Amino acid sequence: MTTPSAGETYDFVVVANRLPVDSVTQPDGSTGWRMSPGGLVAALEPLMKASDGAWIGWPGAPDVEVEPFEHEGIRMVPIALNEQEIEFYYEGFSNDTLWPLYHDVIAQPTYHREWWETYVDVNRRFADAAARVSDHGATVWVHDYQLQLVPGMLRESRPDLTIGFFNHIPFPAYGIFSQLPWRQQIISGLLGADVIGFQRVADAGNFTRAVRRLFGYETKGSRVWVPVGDSSDATTGDRSHVRGAPVRRVIARAFPISIDATSYVELAKDPSVQARAKQIREELGNPKTIMLGVDRLDYTKGIGHRLKAFGELLAEDKVSVEDVTLVQVASPSRERVASYMQLRDEIELTVGRINGDYGSIGHTAISYLHQGYPREEMVALYLAADVMLVTALRDGMNLVAKEYVATRADLGGVLILSEFAGASDDLRQALLINPHDIEGVKDAIMQAIGMPESEKRRRMRALRKRVLENDVVKWSRVFLEELAGATTAHPVSHEH
Ligand code: G6P
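Think of each chain on its own: its residues are numbered from 1, step by step along the sequence as written. Local features in this predicted model are restricted to residues of pLDDT 70 or higher, and side-chain atom pairs are both shown and tallied only at a pLDDT of 80 or more, whereas totals for entire chains, interfaces and linings draw on every residue. Note that the side-chain values use all heavy atoms of the structure and ignore hydrogens as well as water.

## What about the overall build of the protein chain?
When helices and strands are tallied, the protein chain shows 17 helices and 18 strands. Just to be clear, the radius of gyration here is over C-alpha atoms, and the globule rule we use is 2.2 Å times residues to the power 0.38. Relative to its length of 496 residues, the protein chain is compact, with a C-alpha radius of gyration of 23 Å against a globular reference of 23 Å. The C-alpha extent of the protein chain, read off along each of the three principal axes, is 70 × 55 × 40 Å. Taken across its 496 residues, the protein chain has 57% of its residues classed as buried. Contacts: residue pairs with any heavy atoms within 4.5 Å of one another. Put simply, of all contacts in the protein chain between residues at least 6 apart along the chain, 74% involve residues at least 24 apart. Separation between the mean location of the 52 positive side-chain charges and that of the 67 negative ones in the protein chain comes to 7 Å. Where helices and strands are cited, they refer to DSSP runs of H or I of at least four residues and of E of at least two residues respectively, numbered from the N terminus. Summary of the burial criterion: residues with accessible area below 20% of their type's maximum are buried, those above 50% are exposed, and those between are partly exposed, where the area comes from a 1.4 Å probe applied to protein chains only. None of His or the chain ends enter the tally, which takes Lys and Arg as positive and Asp and Glu as negative. The atom standing in for a charge is NZ when the residue is Lys, CZ when it is Arg, CG when it is Asp and CD when it is Glu.

This is the structure in structure tokens:
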């Protein structure tokens, strides 16, 4: 392991809430780092390894004050957060204010001024670190809702930089976004970027509408014209910028994220993974149909809705536990946030009831696993699953849907996919459902269970084409090409 020297600067800098590594304690008591699985990591790892870049992020635990280091070819620049910052910035403002607000208030967002103040402070710390490690004229790519003020802060301190921002979660309609007491500061922070990426066309549209409503700036399609030196507008809401004054052009458009598809294809071919898939089927008692759900334990995922649908099918004798079983992996997430604690209680109560009411000694209705698993085990589960259930009530993209499809090189399996997940824009050959319509979910499950092999293969072939052609390498290339082409440091005149 090499240590990047102090004061080293880079021409490509990724800024994300989390570093792509977890701290691990070895058997001998020493501590080290291990690459952590997850959507964003999977998305950027190949690119970071190929480029001379650095990744700025939080190591995921309190008060980890470590110098920059290199791990598996990626230079890491850790940002330390103390207990209170984790509570106010991460659990509070990011995950108890912005997360529910941006997911259509499925849970009630909480607004606390202290949380906002800490969000500003922590965003400033990330922006300062990015300013410190970026070469002159470097490209900085900021990620996600935890860091929406970073682009604006960086543009002020380092106007030489090319700044991209990608929002991995939905961007809500203005009627919802406008609840946020700090709505202008957030929009103004984002507008510091040259390119602002969203998952869906609808998200980008919601953003440009918020820009028009809050600032009155001109927008056309994916272009937004931001008056230069107009930062006072951010706090006063003054819309009186002068027509014909110098403007910066900002691009706001959809770049639907994807997965490292080939790594799933490769794992699916691995004989030990295939053997594990077979073993999983056997351990479940070789049922006719294995259904699978894989989610972070989050209220946006619609886990309760899919349990309700399955429970009703069992109650109505449409399916039996001898023939159909559901494996639900619910990985622990944000466990100190009250809405997540409440969700866990609700889900576990429901699972217990369904298992108690419909299970038999030899057959459990739902195998519920409140654990995270390595990618090999996930791929084995995907291979074992006849029906994949993605019933999100709102989801930026949902990479699980794409992982399932990439894995099924055998063209087996049926994907049931919520139309409220970004993935449904692309994966039209899935069985698309409205998860609020429980009868519709039940019908889709029955259709999936009874689907003729030929239809399964036809659908899966079409789905795989989409995912394999649009993988994460293409996603990052398209985003970075747009960023490279965007007019950056210099103000442009009113060009339209
Ligand atoms: C979503 C967000 C990511 C986040 C991940 C896990 O995918 O878009 O920014 O990292 O959830 O959540 P966590 O709070 O554990 O980082």
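## A short note on the packing of helix α13 (residues 375–384) against helix α14 (residues 399–407)
Put simply, α13 and α14 touch, their axes get as near as 9 Å, and they point 70° apart. One finds that α13 runs roughly perpendicular with respect to α14. Here Val379, Tyr382 and Leu383 of α13 come into contact with α14, specifically with Val400, Glu403, Tyr404 and Thr407. By residue class, the composition of the contact of α13 with α14 is five nonpolar, one polar and one charged. What counts as an axis is a line fitted to C-alpha atoms, over the stretch in contact for a helix, and the angles between N-to-C directions run from 0 to 180 degrees. Convention used here: angles under 35 degrees read as roughly parallel, angles over 145 as roughly antiparallel, angles from 65 to 115 as roughly perpendicular, and any remaining angle as oblique. The nonpolar class holds Ala, Val, Leu, Ile, Met, Phe, Trp, Tyr, Cys and Pro. Asp, Glu, Lys and Arg form the charged class, and all remaining residues, Gly among them, are polar.

## Overview of the environment of Ala486
With respect to the element layout, Ala486 can be found in the segment after α17 (472–485). For Ala486, the residues in contact, after removing those within four places along its chain, are Asp194 and Val195.

## Regarding the pairing of strand β11 (residues 223–227)
Counted residue by residue, β11 has four buried out of five residues, so it is predominantly covered. Strand pairing follows a simple DSSP-based rule, namely that at least 2 bridges must link the two strands. The sheet contact formed by strand β10 (residues 219–220) and β11 spans two bridges and is antiparallel. For Thr219, the partnering residue across the bridge sits in β11 and is Val224. Between the end of β10 and the start of β11, which pair antiparallel, lie two residues, with Gly221 showing a positive phi angle near 60°. Sheet topology note: the β11/strand β12 (residues 247–254) ladder contains five bridges and is antiparallel. Residue pairing in the sheet places Val226 in a bridge with Arg248 of β12.

## Considering the side chain of Arg248
You can see Arg248 is positioned in strand β12. Two N or O atoms form a polar contact when they lie within 3.5 Å of each other; inside protein one atom must be a possible hydrogen donor and the other a possible acceptor, and for residues adjacent in sequence the pair counts only when both atoms belong to side chains. Separated by 3.5 Å, the side chain of Arg248 and the backbone oxygen of Gly192 make a polar contact.

## A word on the confidence of the model for the protein chain
When pLDDT is averaged along the protein chain, the result is 93; 93% of the residues meet or exceed 70. In predicted models, pLDDT denotes the confidence assigned by the predictor to each residue on a 0 to 100 scale. Below pLDDT 50 for its whole length, residues 231–240 participates in 19 contacts with residues either more than four positions away or in separate chains. Interface confidence in the predicted complex, given as ipTM, is 0.98; pTM for the same model is 0.94.

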